[in-house]
Amino acid sequence: MSKPVLLQLCPFPDWVQAPLAQTHEVIPLHMSPLSDAKLLADIAPRVRAIATHGGLGVPSEILAACPAVEIVAIFGVGYDAVDLQACRARGIRVTNTPDVLTEDCADLAVGMLIALARGIVKAEAFARGPWTRASFPLQRRVSGMRVGILGLGRIGVAVAERLAGFGCDIAYSARSDRGNGLAFVPDPVELAARSEALIVTALSNAETRHIVDARVLQALGPRGFLINISRAACIDEAALLTALETGAIAGAALDVFEGEPNLDPRFLALPNVVLQPHHASATTETRQAMGALMLANLAAHFAGASLPTPVV
Ligand code: 8YV
């Protein structure tokens, strides 16, 4: 039996690539010497699956160009870059890789908070020398800090669990009160006002677009830190840059950026940021688990079985 044709939009690690090629006729669009348009014209009618990552999703022109696509398999938890409405309307299944990356994302969020508050990156440069002064400037304590978590999904809960171990005073904003003993503060401005650190773990969608805006940043205030491991779209980046440049907030640790991988050069000139290359889920252990889950979703689909982790 012929293998189903799969359009691959991004590179994958070897442990995904090899099994993917065993079970599919893989068309690596990201490596094609042909223009996307030429390749798509030739191949699109035969494409039954699209594999992509969370940040990239599926550009609408590619989805539209593939009339026979049955499944979009995302290597990542975020599905904000896939047009779910169009997929539903066309009966296209969409899968992602939740749960397996929760712990890593929470680890990085907490690591970024500590790196920012304790000045770890700058302290390393100081230690490497020339170490001329007696001591590095005093920094801020994380233990016991008042922390606000914006969006209490699986990753937000995992962040809260970790920070509870640091004796932090934790509150959160979400659609509803989770009744979990943490302080529920529905209004993001109020949440920011009571927080020394605001950690964004919200899903990116129309409702959360620019949920961190100038008002939230102003409420966070000159001693407040912002941490984002979600999506850049959750933050009004122009307002954030201004807040960082003027000292309206103390600092930010960011794993995601508008237009990444091309960061706004204004970020690079700032002394009060910790910048990370969108790698919250990027450990070998987690990426292997994400790969296995994406492959399992594809295998289940083509075997006519129920999907392990469907979004649509
Ligand atoms: C990526 C992510 O998908 O899970 C997500 O939504 O953003 C990341 O884990 C990563 O880019 C995988 O390549």
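Structure's up top.
Below you will find a few notes about this structure. Keep in mind that what you see is a predicted model, and the values were worked out from it rather than measured.

## Comments concerning the overall build of the chain
Along the chain, the regular secondary structure elements total twelve helices and twelve strands. Relative to the globule expectation of 20 Å for 312 residues, the C-alpha radius of gyration of the chain, 21 Å, shows essentially globular dimensions. Considered along the principal axes of its C-alpha atoms, the chain spans approximately 70 × 50 × 30 Å. Expressed as a percentage of the 312 residues in the chain, the buried residues total 48%. Of the contacts made within the chain by residues no fewer than 6 positions apart, 58% connect residues no fewer than 24 positions apart. Of the accessible surface of the chain, which amounts to about 14,600 Å², a share of 56% is contributed by carbon and sulfur atoms. Looking at charge distribution, the chain has the averaged site of its 25 positive side-chain charges lying 2 Å from that of its 29 negative ones.

## Some words on the packing of aromatic side chains
Counting across every chain of the model gives five aromatic pairs. Plain terms: the ring middles of Y172 and F184 are 5.4 Å apart, the flat faces sit at 40 degrees to each other, and that makes the pair tilted. One end of the pair, Y172, is in strand β7 (residues 169-173); the other, F184, is in strand β8 (residues 183-184), with twelve residues separating them in the sequence. Three or more aromatic residues joined by ring pairs make a cluster, and in this case those are F126, W131 and F136.

## Observations concerning the packing of helix α5 (residues 102-118) against helix α7 (residues 154-164)
In the contact formed by α5 and α7, the axes pass within 8 Å of each other and the chain directions differ by 50 degrees. Taken together, the axes of α5 and α7 lie oblique to each other. Crossing of α5 against α7: the hand is right-handed. In contact with T102, E103, C105, A106, D107, A109, V110 and L113 of α5, α7 contributes R154, I155, A158, V159, R162 and L163. Here the contact of α5 with α7 is composed, by residue class, of nine nonpolar, one polar and four charged.

## Examining the nonpolar core
Judged by nonpolar contacts, the single largest core of 50 residues is most densely connected at V159 and L163. Built from parts of two domains, this core gets at least three residues from each of domain 1 (5-100 + 285-303) and domain 2 (102-275). Apart from the residues lying within four places of it in its own chain, the contact partners of L163 are V110, L113, V147, C168, I170 and I199. Within the second largest apolar cluster, 27 residues are counted, among which are V185, L241, A252 and V273.

## Describing the side chain of H24
Within the element layout of this structure, H24 appears in the loop between α1 (14-23) and β2 (25-28). Of the residues examined, H24 reaches a relative accessible area of 5% and is grouped as buried. At 3.1 Å, the side chain of H24 and the side chain of T23 are in polar contact. Setting aside residues up to four positions removed in sequence, H24 forms contacts with K3, P4, L6, L298 and F302.

## Looking at the pairing of strand β4 (residues 71-75)
For β4, a buried count of five out of five residues is recorded, marking the element as mostly surrounded by other parts of the structure. In this structure, strand β3 (residues 47-53) lies alongside β4, joined through five bridges in parallel fashion. Following the sheet pairing, A51 is matched in β4 by A73. Handedness of the crossover is the feature at issue here: the chain leaves β3, passes through helix α3 (residues 60-65), returns alongside β4, and the resulting connection is right-handed. Across three bridges, the pairing between β4 and strand β5 (residues 93-95) is parallel.

## Examining the sheet that holds strand β11 (residues 251-254)
Pairing is parallel across the open sheet formed by seven strands, whose spatial order is β8-β7-β6-β9-β10-β11-β12. Each having just a single partner strand, β8 and β12 (273-275) make up the two edges of the open sheet. Bridge count for strand β9 (residues 197-200) against strand β10 (residues 225-228) is four bridges, and the pairing is parallel. In the sheet register, L198 faces β10, and the bridge partner there is L226. The sheet contacts of α7 involve β6 (146-150), β7 and β9, and relative to β6 the element is tilted by about 170 degrees. Sheet contacts for helix α10 (residues 237-246): β10, β11 and β12; angle to β11, the most-contacted strand, approximately 135 degrees.

## Some words on the site of the ligand
Around the ligand, the neighbouring residues are H53, G54, F75, G76, V77, G78, L101, R231, H278, S281, R287 and M290. Between an oxygen atom of the ligand and a main-chain N or O atom of G78, the distance comes to 2.7 Å. Contact with the protein chains hides 88% of the accessible area of the ligand, taken as 330 Å² for the molecule alone. For the shell around the ligand, the residue count by class is four nonpolar, six polar and two charged.

The rules behind these values
Residues numbered from 1 in each chain as written. Predicted model: local features only at pLDDT ≥ 70, side-chain atom pairs only at ≥ 80, totals over all residues. Heavy atoms only, no water. Helix = DSSP H or I, 4+ residues; strand = E, 2+ residues; numbered from the N terminus. Rg over C-alpha atoms; globule rule 2.2 N^0.38 Å. Buried < 20%, exposed > 50% of the residue type's maximum accessible area, 1.4 Å probe, protein only. Contact = heavy atoms within 4.5 Å. Areas by Shrake-Rupley, 256 points an atom, 1.4 Å probe, with all protein chains shown as cover. Lys, Arg positive; Asp, Glu negative; His and termini not counted. Charge placed at Lys NZ, Arg CZ, Asp CG, Glu CD. Phe/Tyr/Trp six-rings, centres within 6.5 Å; stacked < 30°, edge-to-face > 60°. Axes fitted to C-alpha atoms, helices over the stretch in contact; angles between N-to-C directions. Parallel < 35°, antiparallel > 145°, perpendicular 65-115°, else oblique. Left-handed = near helix turned anticlockwise from the far one by under 90°. Nonpolar A, V, L, I, M, F, W, Y, C, P; charged D, E, K, R; others polar. Core = buried A, V, L, I, M, F, W, Y, C linked by side-chain atoms within 4.5 Å. Domains from an automatic or database assignment. Polar contact = N/O pair within 3.5 Å; in protein donor to acceptor, adjacent residues only side chain to side chain. Pairing = 2+ DSSP bridges. Right-handed = clockwise from strand over helix to strand, strands pointing away. Near = heavy atom within 4 Å.

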